[in-house]
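What follows is the residue order along each chain.
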Amino acid sequence: MKPILVCKGLKTGQVLLSNTLRRLWLEHVLWTRFFIISTAFDLPDLPFVTQRLLQNPADFARVLKKYYGFQKAEEFQQLLTDHLLIAAQLVNALKAGDAAQIEEQRNRWYANAQDIAYFLARINTCFWTAFEWENMLFRHLELTEQEAVLVLNGQYQESIRIYDRIQAQALGMADFMACGIIKQFDIM
C-alpha cells in the first residue's frame, strides 16, 4: 500500500517527524518561559518546572537516536541540557542584577549555541550548516533573554509579545530540523 500523501505532498512518516519536532521545540520554549516566570516570582513550582524543562533534551535524544544512533543523540542531549542549565544561571544573574555574572553566563550560552550549531552541521553535512543553525540559535537566545528581562521588569504584556516571536522562531527551527532529517534519511 502506498503511503498517504498529506500536507502538500508530505508523507505520513514525514508528518509524524515534523509534528514531533514541532512539539519538542514548542515544549522547549514553553517550559523555558515557565522557568523564567517561576524564578521571577519565587513560585513553589520551580523545582517541578525545572525538572520538566530538563526532560526536554532527553525527549529530543529519543527522536534523534533513531536516525543518528545512541552516541550522537546523547551528545545532543548533553549540549541541550547545558544550554538550559546556563540559561537558568543567566536568568538568576539577571534577577540578581549581577552584571559580571550576566556577562559570563551570556558568553557561555552563546558558546554553547555555537557548539550545538557545529554539532548539528557535523551530523548532517548535506542539509545543515553551522552558519544556519548558529543564526537560528543566536536569535533564540536573544529573544529568550529579552523575554526574561521583560518578565523580571514587570513588562508582562511585552514579554507575551516576545514569547509569540519565540514560539514562531522555535517552529522555524523545528521545520528546519525536520526537513534536514527527512532529506538526509529519505523518510517516507
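Look up a bit, the structure's there.
Everything numeric in this text was worked out from a predicted model, so none of it was measured. (Residues numbered from 1 in each chain as written. Predicted model: local features only at pLDDT ≥ 70, side-chain atom pairs only at ≥ 80, totals over all residues. Heavy atoms only, no water.)

Caption draft 1: Quick peek at the side chain of Thr144. Position of Thr144 among the secondary structure elements: in helix H5 (residues 130-152). The contacts of Thr144, once residues within four sequence positions are left out, are Thr32, Ile36, Trp109 and Ile166. (Helix = DSSP H or I, 4+ residues; strand = E, 2+ residues; numbered from the N terminus. Contact = heavy atoms within 4.5 Å.)

Caption draft 2: Focus on unusual backbone geometry. A positive phi angle, near 50 degrees, is found at Asp42, a position not held by glycine. With respect to the secondary-structure elements, Asp42 resides in the loop between helix H1 (12-40) and helix H2 (46-53). For Asp42, a relative accessible area of 60% translates into the label exposed. The backbone of Asp186 sits at a positive phi, close to 50 degrees, despite the residue not being glycine. Take Asp186: it is sitting in the segment after helix H6 (156-185). (Buried < 20%, exposed > 50% of the residue type's maximum accessible area, 1.4 Å probe, protein only.)

Caption draft 3: Geometry of the packing of aromatic side chains. Applying the stated rule across the entire model yields 11 aromatic pairs. Note on Tyr110 and Phe138: the rings are 4.9 Å apart at their centroids and 70 degrees apart in plane angle, and the pair reads as edge-to-face. Of this pair, Tyr110 sits in helix H4 (residues 99-123) while Phe138 sits in helix H5, and the two are 28 residues apart along the sequence. Ring geometry for Trp133 versus Phe176: centroids 5.2 Å apart, planes at 70 degrees, classification edge-to-face. Of this pair, Trp133 sits in helix H5 while Phe176 sits in helix H6; the two residues are 43 residues apart in sequence, bridging distant segments of the chain. In this structure an aromatic cluster arises from ring pairing among Tyr67, Tyr68, Trp128, Trp133, Phe176 and Phe185. (Phe/Tyr/Trp six-rings, centres within 6.5 Å; stacked < 30°, edge-to-face > 60°.)

Caption draft 4: Inspection of a nonpolar patch on the surface at higher detail. A surface patch of nonpolar side chains, amounting to about 270 Å² of accessible area, comprises Phe41, Leu43 and Tyr156. You can see Tyr156 is positioned in helix H6. The partly exposed category is assigned to Tyr156, whose relative accessible area is 41%. (Patch = residues over 30% accessible without salt bridge, like charges linked within 9 Å, V, L, I, M, F, W, Y side chains within 5 Å. Areas by Shrake-Rupley, 256 points an atom, 1.4 Å probe, with all protein chains shown as cover. Salt bridge = Lys/Arg side-chain N within 4 Å of Asp/Glu carboxyl O.)

Caption draft 5: Up close: the state of the cysteines. Going through the model one piece at a time under the given rule, you end up with 0 disulfides. Of the cysteine sulfurs around Cys126, a residue in no disulfide, the closest is that of Cys179, at 15 Å. Classification of Cys179 by relative accessible area gives partly exposed; the value is 41%. (Disulfide = S-S within 2.5 Å.)

Caption draft 6: Quick look at the pattern of salt bridges. Inspection of every chain in the model, using the stated rule, returns 11 salt bridges. The partner of Glu147 in a salt bridge is Arg33, with the nearest N and O atoms 2.8 Å apart. Here Glu147 is found in helix H5, whereas its partner Arg33 is found in helix H1, with 114 residues between them in sequence. Residue class for Glu147 comes out buried when judged on its relative accessible area of 1%. For Lys95, the salt bridge goes to Asp42, with nearest N and O atoms at 2.5 Å. Residue Lys95 is located in helix H3 (residues 56-96), and its partner Asp42 is located in the loop between H1 and H2; the two are separated by 53 residues in the primary sequence. Connected via shared salt-bridge partners are Arg23, Glu27 and Arg52.

Caption draft 7: Quick look at H6. Between its first and last C-alpha atoms H6 spans 43 Å; for 30 residues at 1.5 Å apiece the expected length is 44 Å, and the two agree. Asp186 occupies a position one or two residues after H6 and carries a positive phi of about 50 degrees. (Expected span 1.5 Å × (residues − 1).)

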